[in-house]
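Listed below, chain by chain, are the residues.
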2 protein chains.
Amino acid sequence: MKKNLYGKCPYVTAQKVLYGKWTIVILHLLNNDEPIRFNELQRMMPEEMTHTTLSRQLKYLEKEKMIIRKDYGEIPPRVEYSLSEIGKSFKTVLDEIEKWGTDYINFMNVNNAE
Amino acid sequence: MKKNLYGKCPYVTAQKVLYGKWTIVILHLLNNDEPIRFNELQRMMPEEMTHTTLSRQLKYLEKEKMIIRKDYGEIPPRVEYSLSEIGKSFKTVLDEIEKWGTDYINFMNVNNAE
DNA sequence: CAGAATCCCTATTGATACTG
DNA sequence: CAGTATCAATAGGGATTCTG
């Protein structure tokens, strides 16, 4: 009987980390030098999403050690998100995704009449 | 109001193509010179999955033009799957995923007591 | 062998209201 | 501002059966 290979096979593991509906986009947006506040991040998202969903995705990525949540404990609340070290190292994948994604979009535009 | 950016933003697009539970692994397994038959592919999968699920994922990837399905029309059936051109170009992403995934696994092993 | 069809079940998302 | 809590809606996956 085969076993769960999360934490063993790099592909299975990466798939699980990236499985959320917005994870790649969030990691991409956080991939700069400035930490980003919650609402700011929501406004930057390319598509509509509720704060409930964003909150959940952020929590998931935090649990997976991809991002760091810094709560300033102020009123009104001020929370900033940034990439962790292992999250930053994901940049090489993001760069390839951007290149490939661009190629894929062009390819689909050429090949699809619709 | 924000719009659906599938087909516009490379990250959103890549996320949608990769959203299946096994897509990355399937693309990785098909990433060689030999086409692979259905049952053979199922046996190669690192974790248990039913043929129903594999069938669905393959259909999805075929619809997204990532893979090519070749039906030999024989009895008993013989169907081979291989990567399309745009699917092959995904290799650069897969390579980075493998590297990063390996780093991530090591990182998690060092940092998690459990 | 390589599915399709079906049903069921769970996980994920979305919508809304509430809070310090 | 940055959430949480709750509930409803949906999609995706799994199990089983049937087929040529």
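Keep in mind it's a predicted model, so treat the numbers as computed, not measured.

**Focus on the overall build of chain A**
Consideration 1: Each helix and strand in chain A was counted, giving six helices and three strands.
Consideration 2: Reading the helices (α) and strands (β) of chain A from amino to carboxyl end gives α-α-β-α-α-β-β-α-α.
Consideration 3: Based on the C-alpha atoms only, the size of chain A along its principal axes is roughly 55 × 45 × 25 Å.
Consideration 4: Across the 114 residues of chain A, 42% fall into the buried class.
Consideration 5: Once local pairs closer than 6 in sequence are excluded, the contacts in chain A between residues at least 24 apart make up 44%.

**Overview of the side chain of A:Thr13**
Consideration 1: Relative to the helices and strands, A:Thr13 is located in helix H1 (residues 10-17).
Consideration 2: Accessibility expressed as a relative area gives 1% for A:Thr13, which makes it buried.
Consideration 3: Once you skip the residues sitting within four places of it in the chain, A:Thr13 turns out to touch A:Leu5, A:Tyr6, A:Gly7, A:Lys8, B:Tyr104 and B:Ile105.

**Considering the relation of the copies chain A and chain B**
Copy one and copy two of the chain differ by a rotation about an axis and a translation along that axis.
Consideration 1: Note on the identical chains: chain A maps onto chain B by a rotation of 180 degrees and an axial translation of 0.0 Å, with an RMSD of 0.1 Å. Such values leave the two copies arranged in the relation of a two-fold axis.

**What about the nonpolar core?**
Consideration 1: Membership of the largest hydrophobic core comes to 66 residues, with the highest contact counts inside it found for A:Met66 and B:Met66.
Consideration 2: Setting aside residues up to four positions removed in sequence, B:Met66 forms contacts with A:Trp100, A:Tyr104, B:Val17, B:Leu27, B:Leu61, B:Leu83, B:Ser84, B:Ile86, B:Gly87 and B:Phe90.

**A look at the pairing of strand S3 (residues 79-83) of chain A**
All names here are of chain A.
Consideration 1: Summarising burial for S3: four of the five residues are buried, a large majority.
Consideration 2: Note that strand S1 (residues 36-37) and S3 share two bridges and pair antiparallel. Bridging across to S3, Ile36 finds its partner in Tyr81.

Cut-offs used in this document
Residues numbered from 1 in each chain as written. Chains lettered and ligands numbered in written order. Predicted model: local features only at pLDDT ≥ 70, side-chain atom pairs only at ≥ 80, totals over all residues. Heavy atoms only, no water. Helix = DSSP H or I, 4+ residues; strand = E, 2+ residues; numbered from the N terminus. Buried < 20%, exposed > 50% of the residue type's maximum accessible area, 1.4 Å probe, protein only. Contact = heavy atoms within 4.5 Å. Least-squares fit on C-alpha atoms with pLDDT ≥ 70 in both. Core = buried A, V, L, I, M, F, W, Y, C linked by side-chain atoms within 4.5 Å. Pairing = 2+ DSSP bridges.

The values reported here are purely geometric and, on their own, carry no functional implication.
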